[in-house]
Amino acid sequence: MTNDFSFIDREHFRSTPKQKVLDTFTLGSGAITSMATLRLNGDLAVMAGACCHQSAEYNRPGELQFICRESKQSLKVDGHFTDPLNRRTVSSVKTHGDTFVSAGYDGCLCGWSFIDGQLERVFRAALSSKPILDFSPVGNGRFVYGTPGQLAICTVDADSNALPFETIFTLPWTPKPGVNSVDRVHAISEKDVLALIGLHAASRTGRLEVWDVESLVSKATITSMHGLSAMALSDQLTAVASGSVLDSMIGDGQVHLHTLLGGSYSPAFTISTAHLDVDAMCFSPDGRFLAIGDARDHRWSVWDCCFPKAPLVMAGQCRTGDGICDDTLSLAFSPDGVYLYAGGHDAQLYKVPLGNASPCQVTPVASSITSIVVDDYDLVIVGTEGGHVHFIGW
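Worth saying up front: this structure is predicted, and the values here are computed from it rather than measured.

Trainee: Which parts of the structure should I look at to understand the environment of Ala-332?
Mentor: Its location among the elements puts Ala-332 in strand 28 (residues 328–333). Under the relative-accessibility criterion, Ala-332 is labelled buried at 10%. Between the C-alpha atom of Ala-332 and that of Met-281, which follows or precedes it by 51 residues, the distance is 8.5 Å. Among residues more than four places away in sequence, those in contact with Ala-332 are Cys-282, Tyr-339, Leu-340, Tyr-341, Ile-372 and Val-374.

The following block contains the structure:
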């Protein structure tokens, strides 16, 4: 069986005006680590978080930036404190209803809302003496978050007060980087949470665990003796890539998919790729396609989850002139699932139609791409290593 791409209007794609940078906002405190978007009275609002380097020149306020694109409003926010290792870093920014929520290396969760035309911090929860590496809203004002050695849950009440947190599990401390560190957290329902432990750890063992946060009971554990390097989720599937741990830096090219239907979590199938270092993955909006990015050979590929044993649907490579970018860092699909956006250290945004083996449109940006978000209206927001936020369209 072959993959059917008859739904792609190639002539329309060839006649589409070339994408270009429409607006640029500069945060300037370090690489953009995470971005989230909301529509506020029709205006596209973006909250971008940055990783401020340990050198003193980067360790300054403004590691969060709030942007309203149509009204050209930009506000730098001093949202998180410096941690004991002299880092002022935002690890993750997400939305919860009409509120932006940011997590930082200072062990705090902060909530931000746009009230009467002004951005206001509606809560600040000091939860840990260790960095919060990732978090996920689980409904009813609850947030599950991961730190080195711990998965926990906290509640923000109706008055925006952060209540005492509850530990879901604690892992023993280890001197090896990343080992027993809860690096990725994602709620798959109001009671079930996925926790990825040991992302890129200095150990060959990585785990993906499913926890019931109401009963505090572990429901499933998936262990890889090759380590775990990336995770992506759709409504029905979870994909985890094995390999690429720090002590080997070479993976086995395996991407393991598990079903999430009916509250159960069971193996579905494995995709055997030719990639050595899978460090980025994302599903298309309908969950049919899985894009995989490789930081070692600088290539990306797209697989059809309906035909997982078939050859690659499409493969591309980041290039600029005679050079090749160092990493494929970020991947995102268009809202209709027809195009893949890819970016990396060559400071180019690639717009690739599925089924075509080479990039069709390339847009240069200010510096290496670290984050890509696609708005529902197909406006692409790109974060860079230099602290820029680009809005790209036509």
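Back to the text.
Trainee: Is there a simple way to think about the packing of aromatic side chains in this case?
Mentor: Aromatic ring pairs: the centre-centre distance and the angle between the two ring planes describe each pair. With the rule as written, the count across this model stands at eight aromatic pairs. Ring geometry for Phe-66 versus Phe-100: centroids 6.2 Å apart, planes at 75 degrees, classification edge-to-face. Taken as a pair, Phe-66 in strand 4 (residues 64–68) and Phe-100 in strand 7 (residues 99–104) lie far apart in primary sequence, 34 residues in all. A relative accessible area of 0% means that Phe-66 is categorised as buried. Using a relative accessible area of 2% as the deciding quantity, one classes Phe-100 as buried. In this structure, Lys-94 packs its charged tip against the face of Phe-135, placed 5.2 Å from the ring centre. In this arrangement the basic side chain of Lys-351 is found over the ring face of Tyr-339, its NZ or CZ atom lying 4.4 Å from the centre.

Trainee: Would you explain the side chain of His-388 in this entry?
Mentor: One can find His-388 in strand 34 (residues 388–393). In this structure His-388 touches Thr-24, Phe-25, Thr-26, Ile-32, Ala-366, Ser-367, Val-382 and Gly-383, once residues within four positions along its chain are discounted.

Trainee: Help me out: how do you make sense of the nonpolar core in this one?
Mentor: For soluble globular proteins, the rule of thumb is that nonpolar side chains tend to be buried together. The biggest cluster of nonpolar side chains holds 16 residues, and the ones touching the most others in it are Val-255, Leu-257, Met-281, Phe-283 and Leu-290. Ignoring anything within four residues of it in the chain, the contact list for Val-255 reads Ala-239, Val-240, Ala-241, Phe-269, Thr-270, Ile-271, Thr-273, Met-281, Leu-290 and Ile-292.

Trainee: Got a minute to help me understand the sheet that holds strand 15 (residues 192–197) in this structure?
Mentor: Sheet strands pair via backbone hydrogen bonds, and the direction of the pair is either parallel or antiparallel. Taken in spatial order, the four strands line up as 14-15-16-17 in an open sheet, and their pairing is antiparallel. A single partner strand is all that each edge strand has here, and the edge strands are strand 14 (182–187) and strand 17 (217–224). With strand direction ignored, the average angle separating the axes of adjacent strands in the sheet is 15 degrees. Here seven bridges tie strand 16 (residues 206–212) to strand 17, and the two strands are oriented antiparallel to one another. Its bridge partner being in strand 17, Trp-211 is matched across the sheet by Ser-218.

Trainee: Looking at this structure, I do not really get the environment of Tyr-105. What am I missing?
Mentor: Mapped onto the fold, Tyr-105 is located in the loop between strand 7 and strand 8 (108–115). On the basis of relative accessibility, which here comes to 21%, the residue Tyr-105 falls in the partly exposed class. For the pair Tyr-105 and Arg-88, spaced 17 residues apart in sequence, the C-alpha to C-alpha distance is 6.8 Å.

Trainee: Looking at this structure, how should I read the confidence of the model for the protein?
Mentor: Reading fine detail from the predicted coordinates is not recommended where pLDDT is low. Scored by pLDDT, the protein has a mean of 79; 77% of the residues are at 70 or more. Confidence drops under pLDDT 50 across residues 319–326; counting only partners more than four residues distant or on other chains, this segment forms 17 contacts.

So, how was this worked out
Every chain is numbered on its own, with residues counted from 1 as its sequence reads. Totals for whole chains, interfaces and linings use all residues, but because this is a predicted model, local features are given only for residues with pLDDT of at least 70 and pairs of side-chain atoms are given and counted only at 80 or more. Side-chain measures were taken over the full set of non-hydrogen atoms in the model, leaving aside hydrogen atoms and water. Elements are defined by DSSP. Helices are runs of H or I of four residues or more, strands are runs of E of two residues or more, and each kind is numbered from the N terminus. Relative accessibility thresholds used throughout: buried, under 20% of the residue-type maximum; exposed, over 50%; partly exposed, between the two (1.4 Å probe, protein chains only). Should any heavy atoms of two residues lie within 4.5 Å, those residues are counted as being in contact. Classification of ring pairs uses Phe, Tyr and Trp, with its six-membered ring standing for Trp, and accepts pairs whose centres are within 6.5 Å; under 30 degrees between planes counts as stacked, over 60 as edge-to-face, and the remaining range as tilted. Two conditions define a charge located above a ring, namely a distance within 6 Å from the ring centre to NZ of Lys or CZ of Arg, and an angle within 35 degrees of the ring normal. Here, nonpolar core refers to any group of buried Ala, Val, Leu, Ile, Met, Phe, Trp, Tyr and Cys residues whose side-chain atoms link them within 4.5 Å. Note on pairing: DSSP must find at least two bridges between two strands before they are called paired. Convention adopted: a line fitted to C-alpha atoms gives each axis, helices being fitted over their contacting stretch, and angles between N-to-C directions are expressed from 0 to 180 degrees. Across the chain, each position has a pLDDT score giving the predictor's confidence in that residue, from 0 to 100.

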